[in-house]
Number of protein chains: 2
Amino acid sequence: MKKRTNAHRYNLLLVLILLFTSFSNNAVAQDNKPYVRIAKILIDSAQLESYNAALKEHAEAAVSKEPGVRTLYAVYDKEHPTHVTVFEIYASLAAYQSHIQTPHFLKYKSTVKNMVKSLELTDVIPIALEAKLK
Amino acid sequence: MKKRTNAHRYNLLLVLILLFTSFSNNAVAQDNKPYVRIAKILIDSAQLESYNAALKEHAEAAVSKEPGVRTLYAVYDKEHPTHVTVFEIYASLAAYQSHIQTPHFLKYKSTVKNMVKSLELTDVIPIALEAKLK
């Protein structure tokens, strides 16, 4: 009877180890993969200048202060200045989740709350992320 | 009569100098400004892998070989892999015009000719182009 209980305990331990290893591997794999997203934002035309200033300030703060925020390329359509696109690269999903809790992100969100008419977020998968600094 | 002709010549010279200065300034201003564009490309689903391979090869060649090609971020929508987006930054419009005459660009264009179902190009104006390498 004692032996069977020990065998059960070993089995349980084995299952727990396997589960833990599997979770850890997933976490590591997820962390090594950049998280890339395209945000399309429609801005209230009357507040365009204020919005652009807030977005610029936010992008500069995020990329300079957060090691996990690699790229924030914010642009507007030449023909439709109220159509803003942000191309976003984070070192990982975890880096993004930490980003949205930073004071500069929360400040940006509260500043632009009434300037944004719509927001469309698209998760994307890299084919090639080729860039060089100037 | 001779004097008036000389005066005319001086005026003509002045106008030419002003025109030349104006053109030069425009050319310099244009050359110093990055040219930024977003390409949206719809791919034939049967040729997705070949298309992605060709785009990856082209992006790597362009950014590594051309000083004026700063960024080619090529991605596909996670939910719609046939929807490809390329975020493109060139040092100037002239750098872009030179880019589309390179052997690697011409090779890419000819390779993907029958893989692309539609192509939408949007000129955009930077609000903030914040990035750091890893």
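Residues numbered from 1 in each chain as written. Chains lettered and ligands numbered in written order. Predicted model: local features only at pLDDT ≥ 70, side-chain atom pairs only at ≥ 80, totals over all residues.

Novice: Describe the overall build of chain A, naming the residues involved and giving the relevant values.
Specialist: Per the secondary structure count, chain A includes four helices and four strands. The buried share among the 134 residues of chain A stands at 24%. Sequence separation of at least 24 residues holds for 71% of the intrachain contacts in chain A that already meet a minimum separation of 6. (Helix = DSSP H or I, 4+ residues; strand = E, 2+ residues; numbered from the N terminus. Buried ≥ 20, exposed ≤ 12 C-beta atoms within 10 Å, placed from the backbone. Contact = placed C-beta atoms within 7 Å.)

Novice: An account of the environment of A:Val116 is needed here, citing residue identities and associated values.
Specialist: The topology assignment puts A:Val116 in strand S4 (residues 116-131). When near neighbours in sequence (up to four residues on either side) are disregarded, A:Val116 contacts A:Ile41 and A:Ile43.

Novice: Describe the sheet that holds strand S1 (residues 35-43) of chain A, naming the residues involved and giving the relevant values.
Specialist: Within the closed barrel, the eight strands sit side by side as S1(A)-S3(A)-S2(A)-S4(B)-S1(B)-S3(B)-S2(B)-S4(A). Their pairing is antiparallel. Within the sheet, the average angular offset between the axes of one strand and its neighbour, ignoring direction, is 35 degrees. Bridge count for S1(A) against S4(A) is eight bridges, and the pairing is antiparallel. In the strand pairing of S4(A), A:Lys40 is matched with A:Glu120. Contacts between helix H2 (residues 48-65) of chain A and the sheet are confined to S1 and strand S2 (69-77) of chain A together with strand S4 (116-131) of chain B, with S4(B) contributing the most and set at about 75 degrees to the helix. (Pairing = 2+ DSSP bridges. Axes fitted to C-alpha atoms, helices over the stretch in contact; angles between N-to-C directions.)

Novice: Tell me about the relation of the copies chain B and chain A, and name the residues and values.
Specialist: By a simple turn and slide, chain B fits onto chain A: the slide is 0.0 Å along the axis, the RMSD is 0.1 Å, and the turn is 180 degrees. Here the transformation between the copies is reduced to the relation of a two-fold axis. A symmetric contact is evident, with 100% of the interface residues of chain B recurring at the interface of chain A. (Least-squares fit on C-alpha atoms with pLDDT ≥ 70 in both.)

Novice: Describe in detail the environment of A:Ser64, supporting the description with residues and values.
Specialist: Note that A:Ser64 resides in helix H2. For the pair A:Ser64 and A:Phe87, spaced 23 residues apart in the sequence, the C-alpha separation amounts to 16 Å.

Novice: Outline the interface of chain B and chain A, supporting the account with residue identities and numerical values.
Specialist: Facing the 32 residues of chain B at the interface are 32 residues of chain A. Looking at the side of chain B that touches chain A, the elements with two or more residues in it are strand S1 (35-43), helix H2 (48-65), strand S2 (69-77), strand S3 (83-90) and S4 of chain B. Class assignment for the residues of the side of chain B that touches chain A results in 20 nonpolar, four polar and eight charged. Here S4(A) pairs with S2(B) via seven bridges, running antiparallel. Pairing of A:Ala128 across the sheet is with B:Ala74, part of S2(B). (Nonpolar A, V, L, I, M, F, W, Y, C, P; charged D, E, K, R; others polar.)

Keep in mind these values describe shape, not function.
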